[in-house]
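# Structure assessment
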Amino acid sequence: MLTKFETKSNRVKGLSFHPKRPWILASLHSGVIQLWDYRMGTLIDRFDEHDGPVRGVYFHKTQPLFVSGGDDYKIKVWNYKLRRCLFTLLGHLDYIRTVQFHQEYPWIVSASDDQTIRIWNWQSRNCISVLTGHNHYVMCASFHIKEDLVVSASLDQTVRVWDIGGLRKKTVAPADEILRIPQQMNSDLFGGGDAVVKYVLEGHDRGVNWASFHPTLPLIVSGADDRQVKLWRMNDTKAWEVDTLRGHVNNVSCVMFHARQDIIVSNSEDKSIRVWDMSKRTGVQTFRREHDRFWILSAHPEVNLLAAGHDSGMIVFKLERERPAYAHHQGTLYYVKDRYLRSYDYQSQRDNPLISIRRAGSAASAAGPRSLSYNPAENAVLVNLDAEGGSYELHVLPKDAGAQRGEAASDSKRGAGTSAVFVARNRFAVLDKGSHQILIKNLRNEVTKKCAPPCASTDAIFYAGTGTLLCRSEDRMVLFDVQQRTAMAELSTPFIKYVIWSNDMNLVAMLSKHAIVIANRKLGHACTVHETIRVKSGAWDDCGVFVYTTLNHIKYALPNGDSGIIRTLDTPVYLTKVFGNTVYCLDRDGRNRSIQIDTSEYMFKLSLIQRKYDQVLAMIRGNALCGQSIIAYLQQKGFPEVALHFVKDERTRFNLALECGNIEVALASAQELDDKDTWHKLGVEALRQGNHQIVEFAYQKTKNFERLSFLYLITGNHEKLAKMLKISEMRSDVMGQFHNALYLGNVRERVKILETAGHYPLAYLTAKTHGMEEDAERLAETLTAAGVAVPEVDGLGELMTPPTPILREDNWPLLTVTKGFFEGVLAGEVGGDYAGYGMEEDDGAADAWGADLDIDIGGGREKEEAEE
């Protein structure tokens, strides 16, 4: 049993798999219904409206619905998208044991302790038939997948099969209804008609807990409190008991046919799940729990999955591995399918059976070989099996594949031991767990050497080049030299299941359940990639990128730890080879498939890491990539100038341009965005670079008059300062006027401003200090008349004049912004001349500036001088 998912909860009484999504519903004895994603291992939702235990639950095949039935006598139909109960069906008079949707019609069948089975139409929301006949609790009832039949099991020790053909005719095709009015009256008068009992199967000595149909054959299986599982056959006229399967030591609570194999699965209150071979009618496997009785089983309608509910939760499991054993060498894949070792040529896509491989006797070990090791020098194959605690078979392949297929099986060598792998041209290693030794054998299967593994806890060995092995312990991998019998290196890892070497043997990927560890030849750790869902397989491409699959994605991992998704998968596949844009893989049925993938994303990242900038440029020019993740990646890796090339969104372009100091692109984006915050940021960056023309433009755009004035002061632009003074006057901005007059050294203006503002003492002081006697006298008179003391002046004041700028012509020496390799090359594509950007203000704004102002940036100065 391979447990895929497990929950801990109250007792689970009902289970249902979603037909398409990786979801399972579990209804609990506490009254809660849980919706789990068994692939991710997360609880998606919980539905809590029933009073008391919910014993039955079932997903609809196509609609976003499920139905539940509980001990509150209610059947509830829920919409899991809307996350609520749509309606409740009332009619049963006791606990409801099971509920199920019909595959095709809008029907629900329910079984109840009120000794009836009811069929409901969930669209019209009423009961369309009541099946009476059992004389004790009805423990379960279900529709046949194709035919108009219902099977039910009851504590009255019988299993009943009901014919609901009449009901289908009456409700699904009522066109000829008028012709049948006489019969209708008859059946209404004497009961029945819609659904009639077809067979009553008697044979159990105690109450029957479960009965179910075979999906395709005319068979029924039932389980009862007499601890027996019975197999029944039926034809058009009768049904009879075929066999009894004995083995459970307590009540059998649930039993069903496996959808894809000839087996029956049952579970019981004896705390076990049993698997029975249908043809031999014998038990082949038993899985036990310590303390929990099993109550319910459910089989997935499409996939090879089962689920079982017990006293403290539930488990989702598989009976055997579905991963085919395979190994590839150069252009050929060797793999096992249906008892044959086959070869598949990637080039010609020819698929040949080579030799037949014996299977162990019982159906219990129906699982195929675990792994394969191929020796190209001797054309030999080692097949590892799980049977008998681990064994291997050594086959030398025939030279002519098609000629003597099947005969080669006779001269195969066998032996006990786990993970047999070739370590040299004519030697292989096998781990003997009994004696805890690594045995080196020749191709005649004779031991030539023995050595102790490097760790006491070594439980598997993997190939690591000629004469060396990777030995797995619980928490680490050890590189072991068989010749020297020494450990050459070790690396702490999670529990590793598969090891995949790159073609040149320089890199190794070690796959655990939820992580991939990539290391070099000497086991030096390169990176670890973590996944939330299970990693299934992987293969190296020719460039040194590891392509791997999880349950639902093909992904890639680069040796520096970067990883990403290449594409989504509908069903899990096992990668065998990556060649260019094609991924070759085996599916779970052992079929070879090739999937086309887009490698541009990981090739782009790889080229960046390896500094192959010419390839990066080719991809940029080819516009092979786009999307937020690439932009974020380039930013994170320190290539904002490359990211700039991909971005169409102006705000992102602006931020990236600022980040890489590309003021021209930033200006172009700022003009597009045209908001205050953007202009402010542009001004800050332009000032940092010393590009005062753009600073001026940014300040003008944001109408940041104080900063603009200060900029003109430090650049010595008196002319524009005078204009700023005029603008302040028009805006009645007294402080602005005063500052501008102060910057210009215009004393007369300062006095005028102070006088206008009513600051006469200050106006007098200013005039007197700077020797403006006429104004001083006039102001003194005004002060005296107002009865204010005339302030004394010490005469030491000096006129503040604006500094003379060092550079008067153009921008200051610009801050050198380091240009990356790309910016130089891409400059032709992204460059722009900001000197051409004029101030395109609307009329209202122009008035605010003063109609006579012709503010421009870059080149404006020269133009005026030329005019003068």
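Keep in mind the model is a prediction, meaning the values are calculated, not measured.

Here the focus is the overall build of the protein. Tallying secondary structure elements over the protein gives 19 helices and 55 strands in all. In the protein, which comprises 868 residues, the share counted as buried stands at 53%. Long-range pairs, those at least 24 residues apart, make up 45% of the contacts in the protein between residues at least 6 apart in sequence. Looking at the protein as shown, the accessible area adds up to about 39700 Å², and 48% of this sits on carbon and sulfur atoms.

Our focus in this paragraph is the side chain of Ser298. On the secondary structure map, Ser298 appears in strand β26 (residues 294–299). With relative accessibility at 8%, the residue Ser298 sits in the buried group. Excluding residues that lie within four positions of it along the chain, Ser298 makes contacts with Leu15, Ser16, Phe17, Met256, Leu305, Leu306 and Ala307.

Time to look at the sheet that holds strand β47 (residues 515–520). Taken together, the 4 strands give an open sheet; going across it, the order is β45-β46-β47-β48, and neighbouring strands pair in antiparallel fashion. With partners counted over all chains shown, the strands left at the sheet margins are β45 (496–501) and β48 (525–530), one partner each. Recorded for the sheet is a direction-independent mean angle of 20 degrees between the axes of neighbouring strands. Relative to β48, β47 runs antiparallel, the two being bridged by 5 bridges.

By size, the foremost hydrophobic cluster in this structure holds 56 residues, and its most contacted members are Ile24, Ile264, Met314 and Val316. A per-element tally of this core places strand β22 (residues 252–257) first, with 5 residues. Here Ile264 is in contact with Val221, Val229, Leu231, Leu245, Val255, Met256, Phe257, Arg274, Val275, Trp276 and Met278, once residues within four sequence places are set aside. Counting residues in each nonpolar core, the second largest holds 27 residues, with Cys585, Tyr602, Phe604 and Leu608 among its members.

Summing up the model confidence of the protein, the mean pLDDT is 82 and the portion of residues at 70 or higher is 85%. Across residues 360–365, confidence stays below pLDDT 50; counting only partners more than four residues off in sequence or on other chains, it has 7 contacts. Per-residue pLDDT stays below 50 along residues 829–868; that stretch engages in 61 contacts with residues further than four places along the chain or on separate chains.

Scanning the model with the defined rule gives 34 salt bridges in all. The salt bridge partner of Arg97 is Asp113, with a shortest N-O separation of 2.7 Å. Here Arg97 is found in strand β10 (residues 96–101), whereas its partner Asp113 is found in the loop between β11 (107–112) and β12 (116–121), with 16 residues between them in sequence. The pair Arg97 / Asp113 is uniform in exposure class, with both members buried. With its nearest N and O atoms 3.3 Å apart, the salt bridge here joins Arg260 to Asp589. You can see Arg260 sitting in the loop between β22 and β23 (263–268) and its partner Asp589 sitting in the loop between β54 (582–586) and β55 (592–596), a full 329 residues away along the chain. In this structure, a network of salt bridges that share partners links the residues Glu6, Lys8, Arg289 and Asp292.

Our next topic: the sheet that holds strand β51 (residues 553–557). The 4 strands are arranged β49-β50-β51-β52 in an open sheet whose pairing can be described as antiparallel. The open sheet has two edge strands, β49 (535–540) and β52 (563–568), and neither has a second partner. Put simply, the sheet's adjacent strands are angled 25 degrees from each other on average, direction ignored.

So, about the packing of helix α15 (residues 760–769) against helix α16 (residues 773–785). For the pair α15 and α16, interaxial distance at closest approach is 8 Å and the crossing angle is 155 degrees. One way to sum up the angle between α15 and α16 is to call them roughly antiparallel. Every pair of crossing elements has a handedness; the one defined by α15 and α16 is left-handed. Side by side, α15 and α16 meet where Tyr760, Pro761, Ala763, Tyr764, Ala767 and Lys768 of the first sit next to Glu773, Asp775, Ala776, Leu779, Ala780, Thr782 and Leu783 of the second. Of the residues contributing to the contact of α15 with α16, the split by class is 9 nonpolar, 1 polar and 3 charged.

Attention now moves to helix α13 (residues 734–744). Regarding α13, the residues found buried are Gly736, Gln737, Asn740, Ala741 and Tyr743. Looking straight down α13, one finds its buried side chains confined to an arc of 160 degrees; they lie on one side. Buried residues along α13 sit against α11 (705–715), α12 (718–730) and α14 (747–756). A positive phi of about 70 degrees marks Gly745, the residue just after α13.

Of the strand pairs in this sheet, strand β24 (residues 272–277) and strand β25 (residues 282–288) are connected by 6 bridges, and their pairing is antiparallel. When the bridges of β25 are listed, Trp276 appears paired with Gly283.

Turning to the state of the cysteines, a few remarks are in order. In total, this model carries 0 disulfides according to the counting rule given. Sulfur of Cys254: no disulfide; nearest cysteine sulfur belongs to Cys140 and is 7.6 Å away. The closest cysteine sulfur to the non-disulfide-bonded Cys455 is located on Cys471, 7.4 Å from its own sulfur.

Once that is clear, we can look at the environment of Leu586. Tracing the backbone shows Leu586 in strand β54. Those residues in contact with Leu586, other than ones at most four positions away along the chain, are Pro324, Tyr326, Leu333, Tyr335, Val573, Tyr574, Thr576, Arg591 and Asn592.

With that settled, consider α12. Between its terminal C-alpha atoms α12 stretches 19 Å, which fits the 18 Å expected from 13 residues at 1.5 Å a residue. All buried positions along α12 are accounted for by Lys720, Leu721, Lys723, Met724, Leu725, Ile727 and Ser728. Once α12 ends, the next one or two residues include Ser732, with phi positive near 55 degrees.

How each quantity is defined
Residues numbered from 1 in each chain as written. Predicted model: local features only at pLDDT ≥ 70, side-chain atom pairs only at ≥ 80, totals over all residues. Heavy atoms only, no water. Helix = DSSP H or I, 4+ residues; strand = E, 2+ residues; numbered from the N terminus. Buried < 20%, exposed > 50% of the residue type's maximum accessible area, 1.4 Å probe, protein only. Contact = heavy atoms within 4.5 Å. Areas by Shrake-Rupley, 256 points an atom, 1.4 Å probe, with all protein chains shown as cover. Pairing = 2+ DSSP bridges. Axes fitted to C-alpha atoms, helices over the stretch in contact; angles between N-to-C directions. Core = buried A, V, L, I, M, F, W, Y, C linked by side-chain atoms within 4.5 Å. pLDDT = per-residue confidence, 0-100. Salt bridge = Lys/Arg side-chain N within 4 Å of Asp/Glu carboxyl O. Parallel < 35°, antiparallel > 145°, perpendicular 65-115°, else oblique. Left-handed = near helix turned anticlockwise from the far one by under 90°. Nonpolar A, V, L, I, M, F, W, Y, C, P; charged D, E, K, R; others polar. Arc of directions from axis to C-beta. Disulfide = S-S within 2.5 Å. Expected span 1.5 Å × (residues − 1).

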